[in-house]
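What the coordinates show
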Amino acid sequence: MIRKLGALGLGLGALWLLACAYFALQEPDLRFSAEDLRRPLPAWPPGFLWGTATAAHQVEGGNRNDWSRFEDEPGRIAHGDRSGLAVDHWNRMAEDVARMRDVKANAYRFSVEWSRLEPREGGWDDAAFGRYRELLSLLREARITPMVTLLHFTLPQWLADRGGVRAPDFPLRFAHFAGEAARRLGREVDLWCVLNEPNVHMYLGYVEGVWPPGRKSPAEAAEAFAGLLRAHALAARAVRTHDPGAQLGVAQNLIVLEPGSRWSLPDWLLARGAGDAFNWAFYDSIQAGRIRLRSPGFPTLDLPLLELAGSADYFGANYYRRDLVRLAPGAPGFFEIRAGPGPRNDLGWEIYPEGLLRVLRQAWARYRMPIYVTENGIADAKGDVRPSYLRAHAYATARAIAEGVPVKGYFHWSLMDNFEWAEGFAARFGLYRVEPGTLDRIPTPGAGAFADLAPPQGP
Ligand code: FCB
């Protein structure tokens with residue numbers, strides 16, 4: 001009996017090791033050498049977009065939406081900050097476009113603020129549309145290609161009041177707005193990012209409850225996921241109706257999720273499961289033409305949604321960090337997530353440039369779509385790490401391209417410091433430092449590093 005048990009134990013142990021080795025082979029622990037990072041990069045492919053990214057609520061100032069309401073609740077935002085005037089981009093657009101020229105950017109990703117454009121349900125603000133048109137003309141004159149995001153987290157209060165992204169009519173209302181934006185702005189815009197990070201919207205808003213609407217309910221999170229997918233599908237259709245040449249995609253937040261121990265099978269399974277749910281479930285659904293969510297702790301969803309098929313032309317990758325997932329029987333959900341082992345940025349996120357190459361390879365293997373790096377950047381208030389961060393992530397991007405992954409552009413987060421959601425103004429992501437008080441834009445060493453990596457400009 002004891003011998004039988006021993007044999008069983010040995011057999012299970014061998015299987016365990018084999019399974020770990022199998023996972024480890026699929027996801028080797030990649031390391032860039034100092035030599036790799038020193039070599040000059042190959043030229044970017046023709047037409048490569050090299051730009052910066054911002055989002056309306058974080059830079060414009062003066063927005064009234066579900067986030068500004070949330071900021072009024074005590075304890076929600078670090079240091080009690082409020083977006084307020086933000087960095088006054090609304091009034092300093094010309095100056096900011098000049099700063100983009102200074103760093104040799106040929107592209108700019110920004111979002112249009114729904115609560116400004118449709119302050120009352122069904123009532124459009126022509127002057128606000130006009131202001132975005134001015135921005136688009138400034139960009140055209142500067143030969144900077146726009147990528148316009150239609151929803152970067154913030155919702156009009158009238159929609160938030162009746163359930164936000166869970167409201168039954170959210171998909172239709174959003175599609176109506178997206179169609180209007182395409183009708184009025186589509187002549188100047190070919191590249192649209194329909195949604196920014198629906199996975200973050202769902203997790204921080206409905207699982208962790210640290211973003212609006214501050215809920216902690218897996219059932220509501222699943223409804224939010226379904227609502228965001230429906231909204232994407234209907235909006236994609238509406239944009240194409242008014243702007244037939246539109247290229248559409250969604251920016252997904254991608255975290256490299258690795259096992260706490262490479263020899264722990266539960267850690268591998270947890271890391272894989274978390275990655276499938278957080279990183280890939282949204283585009284997996286787009287690809288399948290079905291709303292699909294299968295993740296322990298959440299209601300399972302598997303519903304047909306015809307409009308999803310073909311609703312994305314590219315995959316948008318927002319990449320910042322690696323985290324380790326380990327089994328933790330005492331923790332909620334039986335697992336815990338910590339930052340990876342390498343150096344960290346000011347927010348405690350691991351700086352792991354190899355991860356960008358890994359997620360680009362994975363996204364290409366999964367979806368076979370062109371890819372944009374729609375965001376990548378570092379919270380670095382001193383500004384002295386950003387240059388090497390930028391070079392290493394540009395190297396990761398160039399290496400993916402050399403391997404045959406069709407990466408069409410890279411957008412650095414961000415042009416200038418801004419209101420970093422629940423982290424407030426202390427987290428500084430800008431190539432330009434924004435001085436408190438004067439709001440002057442002062443180049444950090446990252447600005448020069450960004451310009452040095454830019455593709456050559458036309459005559
Ligand atoms: C991303 C968000 C962006 C910004 C960066 C730092 O997740 O899309 O708005 O906050 O993180």
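For the structure itself, look to the data block above.
To start, this report covers the structure provided alongside it. Residue positions are counted from 1 within each chain, in the order its sequence is given. It should be noted that, the model being predicted, local features are given only for residues of pLDDT at least 70 and side-chain atom pairs only at 80 or more, the latter also being counted only at that level, while totals for whole chains, interfaces and linings use all residues. Values reported for side chains reflect all heavy atoms of the structure, with hydrogen atoms and water molecules removed beforehand.

**Observations regarding the nonpolar core**
Side-chain atoms within 4.5 Å link the members of a nonpolar core, which is a set of buried Ala, Val, Leu, Ile, Met, Phe, Trp, Tyr and Cys residues. A simple rule labels every residue: compare its accessible area, found with a 1.4 Å probe on the protein chains alone, to the largest value its type can have, and call it buried under 20%, exposed over 50%, or partly exposed in between. In this structure, Trp50, Phe170, Phe174 and Trp192 are the most contacted members of the largest nonpolar core, which totals 128 residues. Under the scheme used here, helices are H or I runs from DSSP no shorter than 4 residues and strands are E runs no shorter than 2 residues, and both carry numbers assigned from the N terminus. It is helix α11 (residues 218-242) that contributes the most residues to this core, twelve residues altogether. Formed by 17 residues, the second largest nonpolar core is a distinct cluster that contains Leu49, Leu191, Tyr314 and Trp349.

**Details of the side chain of Asn376**
With respect to the element layout, Asn376 can be found in the loop between β10 (371-375) and α14 (386-402). At 2.9 Å, the side chain of Asn376 and the backbone oxygen of Tyr319 are in polar contact. When residues no more than four places from it in sequence are discounted, the contact partners of Asn376 are Tyr319, Tyr320, Tyr389, His393, Tyr410, Phe411, His412 and Trp413. Pairs of N or O atoms within 3.5 Å make up the polar contacts considered here, provided that, within protein, one atom can donate a hydrogen while the other can accept it, and that residues adjacent in sequence are counted only when both atoms are side-chain atoms. Residues count as neighbours in contact if any of their non-hydrogen atoms are within 4.5 Å of one another.

**Topic: the packing of helix α13 (residues 354-367) against α14**
Simply put, an axis is a line fit to the C-alpha atoms, just over the touching stretch for a helix, and the angle between two N-to-C directions goes from 0 to 180 degrees. Running from N to C, α13 and α14 cross one another at 30°; their axes reach a closest spacing of 8 Å. In terms of orientation, α13 lies roughly parallel with respect to α14. Pair α13 / α14 crosses with right-handed handedness. For the pair formed by α13 and α14, the contact residues are Leu356, Leu357, Leu360 and Arg361 on the first element and His393, Ala396, Thr397, Arg399 and Ala400 on the second. Residues were grouped as follows: Ala, Val, Leu, Ile, Met, Phe, Trp, Tyr, Cys and Pro as nonpolar; Asp, Glu, Lys and Arg as charged; and all remaining residues, including Gly, as polar. Its residues placed into classes, the contact of α13 with α14 shows five nonpolar, two polar and two charged. Reported orientations rely on four angle classes, namely roughly parallel under 35 degrees, roughly antiparallel over 145, roughly perpendicular from 65 to 115, and oblique for the rest. Handedness of a crossing is defined here by the sense of rotation of the near helix relative to the far one, left-handed for an anticlockwise turn of less than a right angle and right-handed for a clockwise turn.

**Re the site of the ligand**
For each residue, the test is whether any non-hydrogen atom lies within 4 Å of the molecule or strand; if one does, the residue is near. Around the ligand sit 13 residues in total, of which Gln58, His152, Asn196, Glu197 and Glu420 are the nearest. Between the ligand and Glu197, the relevant distance is 2.6 Å, taken from an oxygen atom to a side-chain nitrogen or oxygen of the residue. A distance of 2.7 Å separates an oxygen atom of the ligand from a polar side-chain atom of Glu420. Only the protein chains shown count as cover for residues, and the accessible areas themselves come from Shrake-Rupley with a 1.4 Å probe. Protein chains bury 96% of the 290 Å² of accessible surface belonging to the ligand in isolation. A class-by-class count of the residues in the shell around the ligand yields five nonpolar, five polar and three charged.

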